[in-house]
Amino acid sequence: MAKWLAGWLAAVLVVSSFLLVSNPARGQAEPDAAQPAAAAVDERVPVEVPQPSAKAMEFYNGGMALWAFNRVWGIVLPAVLVFSGFSARLRDLAARVGGRVWFLTVGIYIVLYLAVVFLIELPIDYYQGFTRLHAYGLSNQSPGKWLKDSVLDLVLSMAVGFGVLWVPYLLMKRSPRRWWLYTSLASVPFLLFVMLVKPIWIDPLYNDFGPMRNQGLERSILDLAGKAGIDSSRVFEVAKSVDTKAVNAYVTGFLGTKRIVLWDTLLARLNEKEVLFVMAHEMGHYVLGHVVRSVFLSFVVTLLGLYFVHAASGRLIQRFRGRLGFDQLSDVASVPLMLLLLQISSLFLSPVAMAYSRYQEHEADRFAIELTHANHSGGTAFAKLQTENLGNPRPGWAYRVFRASHPSIGERIDFCNSYHPATASAVSPAAD
């Protein structure tokens, strides 16, 4: 958890938690299997919500325990690093390596900090991201591929941190009373830039992207995109089966990088009608302007989180500066202190962000039904996602409030069963 928060600070960005595509769900089909045929069905027939298996409930309860651990760990680790004076010693090392050039000191510090946190959290990450998923049959990833992707995450975080972290710290030096406002404003163009380059330069570093092998389905997707008001898009099939048994699809990018992406696992597990419903949902996010709204939400959350850091850090630094080894927030040794305070603020901010994300997901479901009128196919798609993902269709309140970026599978199937728009003309694409 701490390394991801460090990456957040390096990028001056929290939107990655809220610009969410459909929850990955795990399927069991091989990637080269033929896509199941879509039998003729009455789309008005309701779909029963599957009962979770004992294995699914065990996975859910274990996930809640790990979530609680990660929230505590996300506070404890940066607290130990900063209040022990370790962060100040790391800053001194960075200053010696960088020849006391301020810009280099900031960049070298974040590189060293991320490396330390990576090594500390490596056993935890390996258990959560590899061992546990394999134990429940939810991952195809080899140990080598897991390690390769983890190191790639680290290298990218270091590169972004080295190139960007100096911005908030320069603002702290120049405007100690308003840095939190200016940093939040600066996060918006940075986020838009990331959205522009990520589909082309970052995503292909992890998996192979290629053209759709099923050209008939590709034509159907493009026809659906045209019906939704999305033009000039390219469709990509990504080889995710090397990593996971999850299924997923999304619409990403903007301007010249706009593209429709489907995982090969999704194409192997769902039939054509179900795939088109999932794609209609993802197109709904794009057409309804959810990306732009999420950027604004990210700005608000960033603003509130950094203001909390600004308001709370002064007294802590004044009281513990002897142990901290610095007396100004603008000292780069304050990174773990900022992460600690951001983690605390997220306890209050994340429920609001998650609630808004659930609203957007519900609106995207509505859009998909209005565009396709495939209520039954949508319901069966959700039922498959739950079964293969070892999901709990009716999670408890703690999960719903703090973790759920999407409505529960039970709620989504219920909506497919109950919402029957009269005509497809109900869909009215909104401007971004």
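The structure reproduced in this document is the subject of the present report. Every chain is numbered on its own, with residues counted from 1 as its sequence reads. Per-residue local features of the predicted model are confined to residues with pLDDT of at least 70, and side-chain atom pairs are confined, for both listing and counting, to 80 or more; whole-chain, interface and lining totals are unaffected and use all residues. Hydrogens and waters are ignored; side-chain quantities use all the structure's heavy atoms.

1. Some points on the pattern of salt bridges
Salt bridges are counted wherever a side-chain nitrogen of Lys or Arg sits within 4 Å of a carboxyl oxygen of Asp or Glu. This structure, assessed with the given rule, holds 13 salt bridges. The partner of Asp 42 in a salt bridge is Arg 44, and the shortest N-O contact between them spans 3.1 Å. Asp 42 gets classed as partly exposed once you look at its relative accessible area, which sits at 36%. Under the scheme applied here, a residue whose accessible area is under 20% of the maximum for its type counts as buried, over 50% as exposed, and between as partly exposed, the area being computed with a 1.4 Å probe on protein chains only. You can call Arg 44 exposed: its relative accessible area is 65%. The partner of Lys 384 in a salt bridge is Glu 274, with the nearest N and O atoms 2.8 Å apart. Taken together, the residues Lys 384 in helix H13 (residues 375-388) and Glu 274 in helix H10 (residues 272-287) connect sequence positions 110 residues apart. Here Glu 274 falls in the buried class, since its relative accessible area comes to 2%. Beyond isolated ion pairs, a larger network of salt bridges with shared partners links Lys 145, Asp 149, Lys 240 and Asp 243. Strands here mean DSSP runs of E at least two residues long; helices mean DSSP runs of H or I at least four residues long; both are numbered from the N terminus.

2. Remarks on the pairing of strand S3 (residues 234-238)
In terms of burial, S3 is a largely internal element, four of the five residues being buried. The pairing of strand S2 (residues 209-211) with S3 spans three bridges and is antiparallel. Bridging across to S3, Pro 211 finds its partner in Phe 236. Whether two strands pair depends on DSSP finding at least two bridges between them. As paired elements, S3 and strand S6 (residues 259-263) share five bridges and run parallel to each other.

3. A few points about the layout of surface pockets
In this analysis, the protein atoms alone were mapped onto a 1 Å grid. Cavities are point sets where a 1.4 Å probe fits without being able to get out; pockets are open sets with protein on both sides within 12 Å along at least five of seven lines; lining residues have an atom within 4 Å of a point. Grid points are joined across faces, edges and corners, and a volume is the space filled by probe spheres set on the points. Size it by volume and the second largest pocket reaches roughly 250 Å³. Considering the residues around the second largest pocket, the lining is formed by 13 residues, among which Pro 176, Ile 317, Gln 328, Leu 329 and Ser 330 are closest to the centre. For the lining of the second largest pocket, the element with the most residues is helix H11 (residues 290-324), which contributes six residues. Side-chain classes are defined by residue name, with Ala, Val, Leu, Ile, Met, Phe, Trp, Tyr, Cys and Pro counting as nonpolar, Asp, Glu, Lys and Arg as charged, and the others, Gly among them, as polar. Of the residues assigned to the lining of the second largest pocket, the class counts are five nonpolar, six polar and two charged.

4. Focus on the pairing of strand S5 (residues 249-252)
Neither face of S5 is exposed, since Ala 249 and Val 251 on one face and Tyr 250 and Thr 252 on the opposite face are all buried. Of the pairings in the sheet, the one linking S5 to S6 comprises four bridges and is antiparallel in character. If you follow Thr 252 over to S6, its bridge partner there is Arg 259.

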